[in-house]
Each structure stands twice: as structure tokens, then as C-alpha cells.
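# Descriptive analysis of the structure
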Amino acid sequence: MASPIIKKYIREGTLPHIWCGGCGHGIIMRNLAVAIENLGIDRDKVCLVSGIGCSSRIAGYMDFNTLHTTHGRAVAFATGVKVANPDMTVIVAAGDGDISAIGGNHLIHAARRNIDLTVIVMNNDIYGMTGGQFSPTTPMGDLATTAPYGNVDRPFDIAKLSVGAGATYAAKGSAYHVKDTTKFIQEGIAHKGFAIIDCVSSCPTYYGRKNKKGGAVEMMELQKKNFVPERLLERLEPEWIEEYDKTIRAMKGGK
Amino acid sequence: MSKKLIIKEDWCKGCAICVAFCPKKVLDIKKEKATIVNEEACIYCSLCEIRCPDYAIYIEGGK
Ligand SMILES: Cc1ncc(C[n+]2csc(CCOP(=O)(O)OP(=O)(O)O)c2C)c(N)n1
């Protein structure tokens, strides 16, 4: 027994998921299901690729073609899937560490190429899976197991970073702002080119507790109070698969 | 078919997000699980359903 959207898009027998009580990742996963439902895309024409992290467990739960790959490399695997299957809707779901620390280079170069992928970042400002080390999005001054006296690094703004690198769709959502975030995910998937939706998630277990941000409810309330969903960019530019294809055709004598 | 509020207890982790964001105070936490305490007040707005990270609460039926 589950709601129709969950029954349709989540693999039977995999729930309850491993995410902690109040973790925003579950809300973002549901948003993705709703976005696909609204777009009316056949599930068999979707490939969801993830790396490693709490967030990356999404590939085990969602009933699409799924690939659970290695830490930081989801975008590289997704690039391969898209090149081999240009008609497939290829989506990457990643944590902030996965996409912007170990996977940062894959991110910027996929954005630069403007390859038709959609990246959904489940951004909880921390390495959740490994116990709360700071990530490239941990705000300055905040506490993490690897920054017991406060983080001295300045954080990345992943959406802006991607725009700087060449992404042609970028938006910021949050676990709290369900409707806006779902709409952004929908737009990102429909967009031809590299799309990124950086979603504020929440980790009450590590980040919240370490930084005295309260529990699940308080962290949601902070998102409600402090965060404004925003579409940064939507622009059409030459897409990599199409450009590559043109070259191949030209080399074959223009056929 | 009339609408009904359903809680799937074995998926609920008791985070209380549904309780906090219910505009009609329909829900509460009892024994670490979300519980319906005032169903008559429910307006079936679905805010609990779309915010539940565990899909443990949802509206069934109706259109
Ligand atoms: C090559 C490699 N380096 C390090 C790790 C350890 N590791 C596993 S998950 C993770 C980071 C998880 O954080 P994030 O990507 O933000 O996702 P979250 O768990 O917060 O959802 C790390 C460093 C690994 N699995 N592989």
C-alpha cells in the first residue's frame, strides 16, 4: 500500500529507504517522480545515474533504467549512456560532495560541452554517508567532523559554477519548496542541453546536529524562511551530441 | 470515492515534518510515529504527502 506516484516509480520492496528521519533526499526523490509523471515520459526511456553517497542510493529505489556508479563519476557514466542512446532521457542525481568535490571536473566539462543531461543535486552541505565531513558547499564558519573549529573554506554555489562553466539551464530549489523544485526539475529534463537543478536538502543527523540547526522540522523551517527558489538561466546553445553527430555525418560524405 | 488520509506506520520515521506543516493540526506524533488526531479538520490539501520524506502519509481517493 502506497500512494499511486510511489507505487509507480519506486521499486517494490525497497521502502522504507535508508535515509534518516527528516532527510530531505526523500522529498527530492518524490519530486523527480512527479516531474517525470507530469512530462509523460516512458519510464523505460529514462536512465538515472548516480555516484556514491546517501543521495546516490536513489538509483536503487527508482524504477527507471538505473546505474549506481563510482564516487564522483556519475556524470562521466551518464555521458557514455547518452552518447550510446541519444534518445534516452539521462538524469544524474548526486550529493554536493559527489558532484562538486571528487566529481567537480566532470561537472564543469559536461556543462562546457552542453551535453543533454539533467543533473539534480541533493545538496545537504555535508558528506552525509561518511559521517559529516565538510563538502565544497559547507558554509564558512560551520562545523563538520573535519572542521571542529569551523570551516575556513568559502563555499561553491553549484548552480552559478555550472552557469560559469557553460550549462544552459540552471535553477536552485529546495526540499521545502516542493512545487517550484518539481517545476525546475521538469524544465531541466525538457531542456535540450546541460541542465542543473541544485536542490537544498537537509541532513538533520550530521549537519543539523553539529551546527545546532535543530531537527528535521527546524531545518525545513529554515529553508522556508531563508531560501528563495530561483531559475538562473534557460538558454539554447549548440548541444554536444548533435554537434558530434553532424561531424560524423560530414565525415561520411554528408549523409 | 471520498478522500481518506492514510498513514503507513512502518515507513514513518517520526520526523514530524507532516505535523509541523499541517495547516489544520490534524496530526501528532505518538510513540515516535505520525498519528491522526483530528481527521474531521483535514482539508486534504496534501501538504503532508508532498513533504513526507518517507512517503508514509498520503491522501487516497477523490479527484
Ligand atoms: C573514490 C572514493 N573516495 C571517497 C569515498 C568515500 N565517500 C563515500 S560517500 C562520500 C561523500 C558523500 O557526500 P555527498 O556526495 O555530499 O552525498 P550525501 O551522502 O551527503 O548524500 C565519500 C567521500 C568513496 N566512496 N570513494
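Residues numbered from 1 in each chain as written. Chains lettered and ligands numbered in written order. Predicted model: local features only at pLDDT ≥ 70, side-chain atom pairs only at ≥ 80, totals over all residues.

### Looking at the overall build of chain A
- When helices and strands are tallied, chain A shows 11 helices and 9 strands.
- In terms of overall dimensions, chain A is globule-like: its C-alpha atoms have a radius of gyration of 18 Å, near the 18 Å expected for 255 residues.
- Each principal axis of the C-alpha atoms in chain A carries an extent, and together these give about 65 × 45 × 30 Å.
- Relative to its full complement of 255 residues, chain A shows a buried share of 51%.
- When contacts within chain A are restricted to residue pairs at least 6 apart in sequence, those whose partners lie at least 24 apart make up 69%. (Helix = DSSP H or I, 4+ residues; strand = E, 2+ residues; numbered from the N terminus. Rg over C-alpha atoms; globule rule 2.2 N^0.38 Å. Buried ≥ 20, exposed ≤ 12 C-beta atoms within 10 Å, placed from the backbone. Contact = placed C-beta atoms within 7 Å.)

### Side note on the site of the ligand
Residue and element names in this part refer to chain A.
- The environment of the ligand is formed by 18 residues, the closest being Gly53, Gly95, Gly97, Asp98 and Gly128.
- Looking at the shell around the ligand, the elements that each hand over two or more residues are helix H5 (96-102) and strand S5 (126-127).
- For the shell around the ligand, the per-class residue count stands at 7 nonpolar, 9 polar and 2 charged. (Near = placed C-beta within 6 Å. Nonpolar A, V, L, I, M, F, W, Y, C, P; charged D, E, K, R; others polar.)

### Details of the confidence of the model for chain B
- When pLDDT is averaged across chain B, the result is 96; 97% of the residues are at 70 or more.
- If you check the scores for this complex, the pTM reads 0.97 and the ipTM reads 0.96. (pLDDT = per-residue confidence, 0-100.)

### What about the interface of chain A and chain B?
- Each side of the interface is counted separately: chain A has 18 residues, and chain B has 15 residues.
- Elements that contribute at least two residues to the side of chain A that touches chain B include exactly helix H2 (25-39) and helix H10 (216-226) of chain A.
- Across the side of chain A that touches chain B, the residue classes break down as 12 nonpolar, 5 polar and 1 charged.

### Side note on the nonpolar core
Residue and element names in this part refer to chain A.
- Counting 78 residues, the largest nonpolar core has Leu48, Val92, Ile120 and Val121 as the members making the most contacts within it.
- Per-element tally for this core: the top contributor is H2, with 7 residues.
- Beyond its immediate chain neighbours, meaning those up to four positions away, Ile120 contacts Ile28, Leu32, Ile91, Val92, Ala93, Ile185, Ile197 and Cys199.
- Trp19, Cys54, Tyr127 and Cys203 belong to the second-largest nonpolar core, a separate cluster that totals 12 residues. (Core = buried A, V, L, I, M, F, W, Y, C linked by C-beta atoms within 7 Å.)

### Section: unusual backbone geometry
- Each neighbour pair has its own omega, and for A:Leu15 with A:Pro16 the value is 5°, a cis peptide bond.
- Along the chain, the position of A:Pro16 falls in the loop between helix H1 (4-9) and H2.
- Although it is not a glycine, A:Lys212 sits at a positive phi angle of roughly 50°.
- Mapped onto the elements of the fold, A:Lys212 is located in the loop between helix H9 (204-210) and H10.
- If you check the backbone angles, B:Glu32 has positive phi at about 65° while not being a glycine.
- Overall, B:Glu32 belongs to the exposed group, with 11 C-beta atoms counted inside 10 Å.

### A word on the environment of A:Lys224
Residues and elements named next belong to chain A.
- By the secondary structure assignment, Lys224 is in helix H10.
- Residue Lys224 is classed as exposed on the basis of its C-beta count, with 12 C-beta atoms lying within 10 Å.
- Separated by 48 residues in sequence, Lys224 and Tyr176 have C-alpha atoms that sit 6.3 Å apart.

### With respect to the pairing of strand S4 (residues 118-123) of chain A
Residue and element names in this part refer to chain A.
- With respect to burial, S4 is a largely interior element, 6 of its 6 residues being buried.
- Every second residue of S4 is oriented toward a common face, with Thr118, Ile120 and Met122 on one face and Val119, Val121 and Asn123 on the other, all of them buried.
- Note that strand S3 (residues 89-95) and S4 share 5 bridges and pair parallel. If you follow Ile91 over to S4, its bridge partner there is Thr118.
- Where S4 lies against strand S8 (residues 195-200), 6 bridges are found, and the strand directions are parallel. Paired with Val121 across the bridge in S8 is Asp198. (Pairing = 2+ DSSP bridges.)

### Regarding the sheet that holds strand S7 (residues 169-174) of chain A
Residues and elements named next belong to chain A.
- Pairing is mixed across the open sheet formed by 7 strands, whose spatial order is S2-S1-S3-S4-S8-S7-S9. In this open sheet, the two edge strands, each paired with only one partner strand, are strand S2 (65-68) and strand S9 (230-234). Here the average twist between neighbouring strands, direction ignored, is 15°.
- Strands strand S1 (46-50), S4 and S8 of the sheet are contacted by H2, whose axis makes an angle of about 155° with S4. (Axes fitted to C-alpha atoms, helices over the stretch in contact; angles between N-to-C directions.)

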